[in-house]
Amino acid sequence: MSAAPVAEIRAAIVAEARSWLATPYHHHARIKGVGVDCAQILLAVYADALGLAPSLDVGHYSTQWHLHRSEELYLAWLQRAGARQVEQPEAGDIAMFKFGRTFSHSGICTGGGLVVHAYADTTQQVIESGLHEQPLAGRDVQFWSLM
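Described in the following lines is the structure provided in the data block. (Residues numbered from 1 in each chain as written. Predicted model: local features only at pLDDT ≥ 70, side-chain atom pairs only at ≥ 80, totals over all residues. Heavy atoms only, no water.)

1. A look at the pattern of salt bridges
Here's step 1: By the definition in use, this model includes five salt bridges.
Here's step 2: Measuring nitrogen to oxygen at the nearest pair gives 3.0 Å for the salt bridge that ties Asp93 to Arg10. Highlighted residues: Asp93 in the loop between β3 (84-86) and β4 (94-99) and Arg10 in helix α1 (residues 3-18), separated in sequence by 83 residues. Across the pair, exposure class does not vary: Asp93 and Arg10 are buried alike.
Here's step 3: Where salt bridges share partners, they join Arg10, Glu90 and Asp93 into one cluster. (Salt bridge = Lys/Arg side-chain N within 4 Å of Asp/Glu carboxyl O. Helix = DSSP H or I, 4+ residues; strand = E, 2+ residues; numbered from the N terminus. Buried < 20%, exposed > 50% of the residue type's maximum accessible area, 1.4 Å probe, protein only.)

This is the structure in structure tokens:
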């Protein structure tokens, strides 16, 4: 893959992720402007909108999985989709945050240390926030790429 198409793909990922801003948080939903959670937004952007990953059937998952189990369910989904872990994220990569026992919250890196993510606690919607701002500050984070 040459540099120009990769840059264009990364820009398309960021644009699509940002098009979900202010979509209400809704567990297990995937309808822009209506409802989405942090797992489903990844499928919506990378699989549905851009065809960069398979549309995985992730089945039912609990909103409290990360509090009661230690299986890295979410990381397994990324691996099934063909993502690989990277040290330094670029725009269009995936950020995975540890909440509770597991890496259970995701976002799409948009550049400059910003992440678009569906957040359930205080905002109840898709937001763009900094890696070093609340609610992400101080969390263990891993970065994954489909590029």
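2. A look at the environment of Ala44
Here's step 1: Mapped onto the elements of the fold, Ala44 is located in helix α2 (residues 40-49).
Here's step 2: Residues in contact with Ala44, not counting those within four places in the same chain, are Trp20, Arg30 and Ala49. (Contact = heavy atoms within 4.5 Å.)

3. Considering helix α4 (residues 73-80)
Here's step 1: Those residues of α4 that fall on the buried side of the exposure criterion are Tyr74, Leu75, Trp77 and Leu78. Along the long axis of α4, the arc covered by the buried residues comes to 155°, so they all point the same way. (Arc of directions from axis to C-beta.)

4. Structural notes on the nonpolar core
Here's step 1: Ranked by internal contacts, the top residues of the largest apolar core, which has 30 residues, are Tyr46, Leu78 and Met96.
Here's step 2: Those elements that place two or more of their residues in this core are α1, α2, α4, β4, β5 (102-111) and β6 (114-119).
Here's step 3: With six residues, the single largest contributor to this core is α2.
Here's step 4: With residues near it in sequence (within four places) discarded, Met96 still touches Tyr74, Leu75, Leu78, Phe103, Ser104, His105, Ser106, Asp140, Val141, Gln142 and Trp144.
Here's step 5: Among the nonpolar cores identified, the runner-up in size contains 11 residues, and Ala95, Cys109, Leu131 and Phe143 belong to it. (Core = buried A, V, L, I, M, F, W, Y, C linked by side-chain atoms within 4.5 Å.)

5. Structural notes on the sheet that holds β6
Two modes of strand pairing occur in sheets, parallel and antiparallel, and in both the strands are linked by backbone hydrogen bonds.
Here's step 1: Read from one edge to the other, the open sheet built from six strands follows the order β3-β8-β4-β5-β6-β7, with strand pairing classed as antiparallel. Looking at strand neighbours, the two that pair on one side only are β3 and β7 (125-130), the edges of this open sheet. Pairs of neighbouring strands in the sheet enclose a mean axial angle of 40°, with direction left out of account.
Here's step 2: Pairing of β4 with β5, which is carried by six bridges, proceeds in the antiparallel orientation. Looking across to β5, one finds that Ile94 is bridged to Ile108.
Here's step 3: Against the sheet, α2 contacts β4, β5, β6 and β7, and its axis sits at roughly 40° relative to β5.
Here's step 4: In the packing of α4 onto the sheet, the strands contacted are β4, β5 and β8 (141-145), and the crossing angle to β5 comes to about 50°. (Pairing = 2+ DSSP bridges. Axes fitted to C-alpha atoms, helices over the stretch in contact; angles between N-to-C directions.)

None of this, on its own, says anything about what the molecule does.
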